[in-house]
Amino acid sequence: DAVESAPAIVIGSGYGGAVAALRLGQAGIRTVVLEMGRLWNTPGPDGKLFCSTSAPDHRSMWFRTRTEAPLATFLWLDVVNKDISSYPGVLDRVRYDHMSVYVGRGVGGGSLVNGGMAVTPLQSYFAEQFPTVDTAEMYGTYFPRARSMLGVNTIDPAWFESTEWYRFTRISRRHAANTGLRTTFVPNVYDFGYMQREAAGTATRSALAGEVIYGNNHGKRTLDKTYLASALGTGNVTIHTLERVKSISRAADGTYVLTADRIDDTGAVVETKEYGCTYLFLGGGSIGTTELLVRARESGTLSALDASVGTGWGTNGNVMLGRANHLWDTVGANQSTMPVMGIDDWANTANPVFAEIAPLPTGLEHWVSLYLAITKNPSRASFSYDSGTGAVRLGWSAAQSAVSVGMAKKLFDRINSANATIYRYDLFGSSSKVFADDFTYHPLGGCVLGKATDNYGRVKGYSKLYVTDGSLVPGSIGVNPFVTITALAERTMARVLVEDTAP
Ligand code: FAD
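Nothing here was measured: the structure is a model prediction, and the numbers come from that model.

Caption draft 1: How the structure looks around the packing of helix H3 (residues 135–150) against helix H10 (residues 482–499). Packing of H3 against H10 leaves a shortest axis separation of 8 Å and a crossing angle of 115°. In terms of their interaxial angle, H3 and H10 are classed as roughly perpendicular. Of the two possible hands of crossing, H3 and H10 adopt the one that is right-handed. Note on element contacts: H10 touches H3 through Val483, Thr486, Ala487, Glu490 and Arg491, opposite Met138, Tyr142, Phe143, Arg145, Ala146, Arg147 and Leu150. Counted by class, the contact of H3 with H10 contains seven nonpolar, one polar and four charged residues.

Right, here's the structure in full:
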């Protein structure tokens, strides 16, 4: 097959990839984006782009015959997951030995499936995690730039206090207050004006119709509507979908050579393509980018990569759990899928936790308060390469997850004791499982800034090779990560376009 060349190639179209594509396009550099997922722009037979969470179909998951939702059961019944037909659906669950990683697949990456929470980390914790980054510049320039580009907005507090859709949040806030804990509103990229129209019955429901992990048909400002739309608008960027990059090597003249499998809707490889480029930007996400680089180093195609590539990986301390409320503390049958508040106990140095108050929209009163706790788990893991199979493995252990559980338990034991409540035992598969510690929504690290790369995401050992995604973040950032990933990518692009691409 003929080699297709472009000055710049971006692998992946999530946050890191989208920022790179836009800024390259604006700089007049012809750029090809290679994305393994599909473009979500064609309605199915029901007239919708995405299926609902309660009635998932083939669109829900990446080549599965049964859905694999984070909540396995409800009242011990296997009612949550459904048989589906295999298709390049929007949510993937990548299974390693003791840890599953949920990721979005499609043009827009994680923005298609996530909860939209757009949180800027505490400046002191950012500085702790990124000691070589100029925090004043981050908080003065790149975080504001990221928030404005992503369309971050906040819920109207008066509406929040009065609407049935956030009763579940208000109950959790009261229980936190009873425990002497602080809660804080968290911004979101879901358009709250749209949500209020949903509630009023004047707009088609999405967040108020249970849509989230398998995509939102309305309301959410996903990357295909923000960064990527602007990138395409420059006229310099093209996006190739259903193309999965398999390997990266370097030609004698210093340009990069990629091979990519183009797949069809059954997952069959219909073509293996070869690409060439001068500048290569890796935006495949923490596990996508790290797997590519570990394989490249270990198989010898980029053997000068630093030994720290494939290390420093963490789950952002993620643990999910549910509490059972008293019968008089109803959480409401109607719940918006977009979280807007967290219990902020990060300042508690003995046990720092930031817990998102998460929805569990079933359409029925269930008295469950659900949380995604972000704990300050210091454990990190490394990836390894199996030369026999070419597989990349993640060395995360169950004991490392137990650290996150211990921290979440300390906080929620206090909340239960202050409110005379208990945990829910029926949500995560087996009857004794209270804490879902075997999956993460926040994979971070693998190519850590300043270790595997220089201070701006330039990969050590090579020139014109960059990482712009969540693999730069050293395993923990204390809050939901996409604003941080976006802001760091903006910082990298501002620097690289000035210093590295001048003629
Ligand atoms: P991604 O967004 O994961 O993008 C990587 C892209 O690269 C994907 O589209 C992938 O298909 C593609 N790709 C990977 N490998 C290859 C390859 N070899 N070839 C071609 N393409 C490739 N974060 C928040 O801040 N707030 C939230 O509310 C929130 N909620 C979440 C809820 C869920 C269910 C999930 C799964 C995540 C959530 N997150 C949230 C996390 C957030 O979505 C991620 O941190 C973010 O998407 C990571 O951005 P990224 O640029 O690193 O990679």
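Picking up where we left off.
Caption draft 2: Highlighting the nonpolar core. Of all hydrophobic cores here, the largest spans 144 residues; its most connected members are Ile9, Ala21, Leu321 and Ala408. It is H10 that contributes the most residues to this core, eight residues altogether. Excluding its chain neighbours within four sequence positions, the residues that come into contact with Ala408 are Val319, Leu321, Val353, Ala373, Thr375 and Phe435.

Caption draft 3: The arrangement of the environment of Gly108 in detail. Along the chain, Gly108 turns up in the loop between strand S4 (100–104) and helix H2 (123–129). In this structure Gly108 comes out as buried when scored by C-beta crowding, with 29 C-beta atoms within 10 Å. Once residues within four sequence positions are removed from consideration, Gly108 is found in contact with Ser13, Thr222, Leu223, Asp224 and Leu228.

Caption draft 4: Structural context of the site of the ligand. Around the ligand lies a shell of 39 residues, among which Gly12, Gly14, Gly109, Gly110 and Gly288 are the nearest. Contributions of two or more residues to the shell around the ligand are made by helix H1 (15–26), S4, strand S7 (243–250), helix H8 (285–298) and H10. Here the residues of the shell around the ligand sort into 15 nonpolar, 20 polar and four charged.

Caption draft 5: The arrangement of the sheet that holds S4 in detail. Read across the open sheet, the three strands follow the order S3-S4-S19; overall the sheet is mixed. Two strands bound the open sheet, and with one partner strand each, they are strand S3 (91–95) and strand S19 (439–440). In this structure, S3 lies alongside S4, joined through five bridges in antiparallel fashion. Looking across to S4, one finds that Arg95 is bridged to Ser100.

Caption draft 6: Region of interest: the packing of helix H5 (residues 167–178) against helix H9 (residues 398–419). Axis separation between H5 and H9 bottoms out at 8 Å; the angle between their running directions is 90°. Judged on the interaxial angle alone, H9 and H5 are roughly perpendicular. Contacts between H5 and H9 involve His175, Ala176 and Asn178 on the former and, on the latter, Ile415, Ala418 and Asn419. Taken together, the residues of the contact of H5 with H9 break down into three nonpolar, three polar and no charged.

Caption draft 7: Layout of the confidence of the model for the chain. Model confidence for the chain is summarised by a mean pLDDT of 96, while 99% of its residues fall at 70 or above. With a pTM of 0.98, the predicted complex shows an ipTM of 1.00.

Caption draft 8: Highlighting unusual backbone geometry. Despite not being glycine, Ala420 shows a phi value in the positive range, around 50°. If you trace the backbone, Ala420 turns up in the loop between H9 and strand S17 (422–423). Even without being glycine, Lys464 reaches a positive phi, approximately 65°. On the basis of neighbour count, Lys464 is assigned to the partly exposed category, with 19 C-beta atoms found within 10 Å.

How each quantity is defined
- Residues numbered from 1 in each chain as written.
- Predicted model: local features only at pLDDT ≥ 70, side-chain atom pairs only at ≥ 80, totals over all residues.
- Axes fitted to C-alpha atoms, helices over the stretch in contact; angles between N-to-C directions.
- Helix = DSSP H or I, 4+ residues; strand = E, 2+ residues; numbered from the N terminus.
- Parallel < 35°, antiparallel > 145°, perpendicular 65-115°, else oblique.
- Left-handed = near helix turned anticlockwise from the far one by under 90°.
- Contact = placed C-beta atoms within 7 Å.
- Nonpolar A, V, L, I, M, F, W, Y, C, P; charged D, E, K, R; others polar.
- Core = buried A, V, L, I, M, F, W, Y, C linked by C-beta atoms within 7 Å.
- Buried ≥ 20, exposed ≤ 12 C-beta atoms within 10 Å, placed from the backbone.
- Near = placed C-beta within 6 Å.
- Pairing = 2+ DSSP bridges.
- pLDDT = per-residue confidence, 0-100.

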